[in-house]
Each structure stands twice: as C-alpha cells, then as structure tokens.
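Structure at a glance
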Amino acid sequence: MEITLYQAIGGAHGVSALCRRFYNLMDTLPEAARCRAIHPADLSGSEAKLTDYLTGWLGGPPVYVEKYGHPRLRARHLPAPIGPAERDEWLLCFNRALDDTIANPRLRDLIREPVERLAFHMQNRD
C-alpha cells in the first residue's frame, strides 16, 4: 500500500501544524513584511483555506475543492500584487514552517520542490 504525503506528515494534524506555523511566521518575521501586507489583517481565513488546499494537494481528502471548487490559484491571487519580494518572503515562511514542523528531511524536500514551482507560478508582477 502506498502512503500519501498527507499521511506521512501526520494527516490533518500535520497539515494544520504546518499552516499554523507558516502564518505565525508570516505575521511575525520582519523579513516577511511585504508578503504579510498583501494578506488580510485577520489571517485565520487564509490559514483555513491553505489548510484545506494542502490537505487535498498532499493526497488527503479534497476539502478545498468540495468547499470552493477548482483551486484556480493563479486567478484567485491575481488581485494581490505578487512580485519577486512577496514570492520570496512567502517561500521563506513556508520553508521555515516545513523545517519547523516536519522532522523527515526527505518528506520536506518532496513538498518543498513543487511548492517552490507553484510560488514562482503565482508571481504576477515584476
């Protein structure tokens, strides 16, 4: 039987811990200020949506799709000005959250690489 990344990082608990740490870092790191500035004052909705998205993306239940339909991530993020600085700050927070919440370096790398590609795809400003 093949195990999903969702299962490997601890299922719902693992995804929640990752997203909680990610938004905590974004909210507190001075070097993530530009990325933080393009998010709502209250990050709880953003955290919930990322948790739902990553749950399905990592091989768990398709919670995000059930609630919101196809992710269309780039289209949904077009109103936010995402340039190289915002992209890199987002990745800084995500990579630190991975390092802080997932002990296995191989698992972190399996997640890190496609997330980095996605972050570059989300950039919509020069």
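The structure reproduced in this document is the subject of the present report. (Residues numbered from 1 in each chain as written. Predicted model: local features only at pLDDT ≥ 70, side-chain atom pairs only at ≥ 80, totals over all residues. Heavy atoms only, no water.)

**Quick word on the nonpolar core**
Inclusion rule: Side-chain atoms within 4.5 Å link the members of a nonpolar core, which is a set of buried Ala, Val, Leu, Ile, Met, Phe, Trp, Tyr and Cys residues. Classification of residues uses two cut-offs on accessible area relative to the type maximum, computed with a 1.4 Å probe and protein chains only: under 20% is buried, over 50% is exposed, and between them is partly exposed. Put simply, DSSP marks the helices as runs of H or I at least four residues long and the strands as runs of E at least two long, and each gets a number from the N terminus on. Note on definitions: a residue-residue contact is assigned when non-hydrogen atoms from the two residues lie within 4.5 Å.
In terms of nonpolar packing, the biggest core is built from 30 residues, with Phe22, Leu54, Phe94 and Ile111 touching the most fellow members. By residue number, the principal contributor to this core is helix α2 (residues 11-28), which donates seven residues. Leaving out residues up to four positions away in the same chain, isoleucine 111 has contacts with Leu5, Ile9, Trp57, Leu58, Phe94, Leu98 and Ile102.

**A closer look at the state of the cysteines**
Counted only if it meets this: Throughout, a disulfide means two cysteine sulfur atoms within 2.5 Å of one another.
Taken as a whole and assessed by the stated rule, the structure comprises zero disulfides. Cysteine cysteine 19 is unpaired, with the sulfur of cysteine 93 as its nearest cysteine sulfur at 13 Å.

**A closer look at the pattern of salt bridges**
How we decide: Salt-bridge detection follows one rule: a side-chain nitrogen of Lys or Arg within 4 Å of a carboxyl oxygen of Asp or Glu.
Under the counting rule described, the total for this entry stands at 10 salt bridges. Across the pair arginine 108 and aspartate 99 runs a salt bridge, and its minimum N-O distance is 3.3 Å. A residue is classified by how much of its surface remains accessible, and arginine 108, at 17% relative accessible area, is buried. Assessed through its relative accessible area of 41%, aspartate 99 is described here as partly exposed. Here arginine 117 makes a salt bridge to glutamate 113, at a shortest N to O gap of 3.2 Å. Separated by four residues within a single helix, arginine 117 and glutamate 113 lie in helix α8 (residues 105-122), roughly one turn from each other.

**Topic: the packing of aromatic side chains**
The condition that has to hold: Ring pairs shown here join Phe, Tyr and Trp side chains whose ring centres sit within 6.5 Å, with only the six-membered ring taken for Trp; geometry is labelled stacked below 30 degrees between planes, edge-to-face above 60, and tilted in between.
Under the defined criterion, the tally for this structure stands at six aromatic pairs. Relative to tyrosine 23, the ring of phenylalanine 22 has its centre 4.6 Å away and its plane inclined at 80 degrees; by these criteria the two rings are edge-to-face. The two residues phenylalanine 22 and tyrosine 23 agree in class, both being buried. When the ring of tryptophan 90 is compared with that of phenylalanine 94, the centres are 5.2 Å apart and the planes differ by 5 degrees; the resulting orientation is stacked. A residue pair is termed a helical-turn pair when its members lie 3 or 4 positions apart in one helix, as tryptophan 90 and phenylalanine 94 do in helix α7 (residues 84-101) at four residues. Its relative accessible area of 1% is what places phenylalanine 94 among the buried residues. Clustering of aromatic rings is evident, with ring pairs tying together Phe22, Tyr23, Trp90 and Phe94.

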